[in-house]
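A closer look at the structure
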Amino acid sequence: MSAEPRPSPPSPSARAPLSACVIAYNEADRIGDCLASLAFCDEIVVVDSGSTDGTREVAQRAGARVLVRPFDGFRSQKQFAVAQCAHDWVLSLDADERVDARLRAAIEAERDAGFGRAAGYRFARMSEYYGRFLRHGTAYPDRVLRLFDRRRGGWRGDREIHEAVSVDGQVAPLPGDLLHHPYRSFIQLLDKKQRYARMMAEHDHARGKRATLAKLVLAPAWRFFRGFVLKAGFLDGWPGLIESFVSANYVRQKTIMLWLLQNGQPLVDPPRPRKDDGPAAG
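For every chain, the first residue of the written sequence is number 1, and numbering continues from 1 along that sequence. At least 70 in pLDDT is required for a residue's local features to be given in this predicted model, at least 80 for side-chain atom pairs to be given and counted, and no such filter applies to totals for whole chains, interfaces and linings, which use all residues. Working from all heavy atoms in the structure, the side-chain values ignore hydrogens and water.

1. Thoughts on the pairing of strand β1 (residues 18-24)
Partly exposed describes any residue whose relative accessible area lies between the buried limit of under 20% and the exposed limit of over 50%, with all areas from a 1.4 Å probe on protein chains only and scaled to the type maximum. Each helix is a run of DSSP H or I of at least 4 residues and each strand a run of E of at least 2, with the numbering of both proceeding from the N terminus. Summarising burial for β1: seven of the seven residues are buried, a large majority. Both faces of β1 are covered, namely the face carrying L18, A20, V22 and A24 and the face carrying S19, C21 and I23. We treat two strands as partners when DSSP finds at least two bridges between them. Relative to strand β4 (residues 89-94), β1 runs parallel, the two sharing six bridges. Bridging across to β4, S19 finds its partner in V90. When β1 meets strand β2 (residues 43-48), the two strands line up parallel, connected through six bridges. Within the sheet, the bridge partner assigned to C21 lies in β2 and is V45. When the strands point away from the viewer and the path from the first strand over the helix to the second turns clockwise, the crossover is right-handed. Read as a crossover between parallel neighbours, the route from β1 over helix α1 (residues 31-36) to β2 is right-handed.

2. Observations regarding the packing of helix α6 (residues 213-230) against helix α7 (residues 237-262)
As a packed pair, α6 and α7 sit with axes 8 Å apart at the nearest point and diverge in direction by 155°. Accordingly, the angle class assigned to the pair α6 and α7 is roughly antiparallel. Read as a crossing pair, α6 and α7 show a hand that is right-handed. Of the residues in α7, those touching α6 at K215, L216, A219, P220, R223, F224, G227 and F228 are G240, L241, S244, F245, S247, A248, Y250, V251, R252, T255 and I256. Here the residues of the contact of α6 with α7 sort into eleven nonpolar, five polar and three charged. In this analysis, axes come from line fits to C-alpha atoms, helices being fitted only over the stretch in contact, and the angle between any two N-to-C directions falls in the range 0 to 180 degrees. Roughly parallel here means an angle under 35 degrees, roughly antiparallel means over 145, roughly perpendicular means 65 to 115, and every remaining angle is called oblique. Working rule for handedness: look at the near helix, and if it is turned counterclockwise from the far one by less than a right angle, call the crossing left-handed; if clockwise, right-handed. The criterion used for residue contact is that any of the two residues' heavy atoms lie within 4.5 Å. For this scheme, ten residues count as nonpolar: Ala, Val, Leu, Ile, Met, Phe, Trp, Tyr, Cys and Pro. Four count as charged, namely Asp, Glu, Lys and Arg, and the remainder, Gly too, count as polar.

3. Description of the domain arrangement of the chain
For every domain, the bounds stem from an assignment made automatically or drawn from a database. Per the domain assignment, the segments making up the chain are domain 1 (18-180) and domain 2 (186-263). Computed over C-alpha atoms only, the centres of domain 1 and domain 2 are separated by 25 Å. Facing 15 residues of domain 1, the contacting portion of domain 2 comprises 24 residues. Using a 1.4 Å probe, buried area is obtained as the accessible area two parts lose upon being combined, added over both of them. Counting the surface lost from both domain 1 and domain 2, the interface buries some 1,700 Å², and carbon and sulfur atoms represent 64% of this. Sorting the residues of domain 1 by area buried against domain 2 places Y130, H136 and T138 first, and these three jointly supply 36% of that buried surface. Salt bridges are defined by distance alone: a side-chain nitrogen of Lys or Arg within 4 Å of a carboxyl oxygen of Asp or Glu. Summed over the shared surface of domain 1 and domain 2, the result is two salt bridges. Across the pair D158 and R207 runs a salt bridge, and its minimum N-O distance is 2.9 Å. Polar contacts here mean pairs of N or O atoms no more than 3.5 Å apart (in protein, one a potential hydrogen donor and the other a potential acceptor; neighbouring residues in sequence count only if both atoms are side-chain atoms). Taken together, domain 1 and domain 2 are joined by seven residue pairs in polar contact (both at pLDDT 80 or more). Residue classes in the side of domain 1 that touches domain 2 are distributed as five nonpolar, four polar and six charged.

4. So, the packing of aromatic side chains
Each Phe, Tyr or Trp ring (for Trp, its six-membered ring) is paired with any other whose centre lies within 6.5 Å, and the angle between the two planes then decides the class: stacked below 30 degrees, edge-to-face above 60, tilted in between. Going through the model one piece at a time under the given rule, you end up with 13 aromatic pairs. Both rings, one in W89 and one in Y121, keep their centres 5.9 Å apart while their planes meet at 50°; by these two values the pair is tilted. Here Y121 lies in strand β6 (residues 120-129) and W89 lies in strand β4, a separation of 32 residues in the sequence. Both residues of the pair, W89 and Y121, count as buried. Here F224 and F228 contribute two aromatic rings whose centre-to-centre distance is 5.3 Å and whose plane-to-plane angle is 25°, an arrangement assigned as stacked. Of this pair, F224 and F228 both sit in helix α6, four residues apart, which is roughly one turn of the helix. By relative accessible area, which is 18% here, F228 ends up buried. Ring-pair connections join several aromatic residues into one group, and the members of that group are Y129, Y130, Y183 and F186. A ring is considered to have a charge above it if a Lys NZ or an Arg CZ atom is located within 6 Å of its centre and within 35 degrees of its normal. A cation over an aromatic ring shows up here: R69 above the ring of F80, its NZ or CZ 4.7 Å from the ring centre.

Here you go:
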């Protein structure tokens with residue numbers, strides 16, 4: 001009995017239309033630069049999670065089509081944004097990311113050729129930490145798949161944190177960088193890392209993973225050694241050293257939180273009764 005024929009990928013045509021989509025929450029100070037870097041796209045869709053700082057107004061003034069949807073996870077929100085696009089080829093960004101000139105030129109060249117080389121395209125993401133863009137360690141090149149044919153891929157799976165795009169078909173590299181500005185202050189960065197550590201611990205706990213003493217001791221040490229020594233994070237100087245420590249601390253926090261969950265310990269303060277919530281009268 002012969003196998004079912006696989007559907008063939010869509011044939012390339014000249015200058016395929018391209019949608020860009022961005023998810024946002026209280027990003028009024030950063031989303032303008034993001035959307036400006038996407039001006040070459042045929043449309044821009046912004047999915048806002050209920051911002052209170054004027055994010056929607058900034059996006060609308062930039063020409064984006066703005067939708068509001070309650071946040072229920074990074075992956076779910078991004079896949080919703082992809083589904084709202086008018087075109088099948090989609091470039092998916094966060095509000096703290098920008099397409100640099102070299103990457104824009106590469107994307108436009110692929111679009112002019114009908115995106116005929118692949119089902120998706122991967123490129124480097126370069127992040128600014130502690131006053132400079134890091135070019136070594138685990139921070140770079142941090143290759144991400146963000147340009148893809150939604151008929152053959154998208155934000156799949158059930159993991160809502162450290163989410164990633166996957167496609168059915170070939171993935172091709174593109175030159176240039178996606179510039180990433182991941183935080184506004186050091187304290188905000190630490191809070192963000194802690195929130196992500198909690199989300200990953202909850203994800204791992206729900207899937208039966210276990211924290212061990214070996215993981216608690218060795219995993220953070222390995223993360224630091226891999227980033228600072230093996231991947232030459234030391235070439236970024238003080239910023240590279242700090243990022244290696246912060247990254248190792250993230251692994252440590254995630255492992256501690258997983259251990260707490262598997263032992264029935266709370267990660268956040270339990271709800272407390274208000275002072276006026278006294279016992280009901282008899």
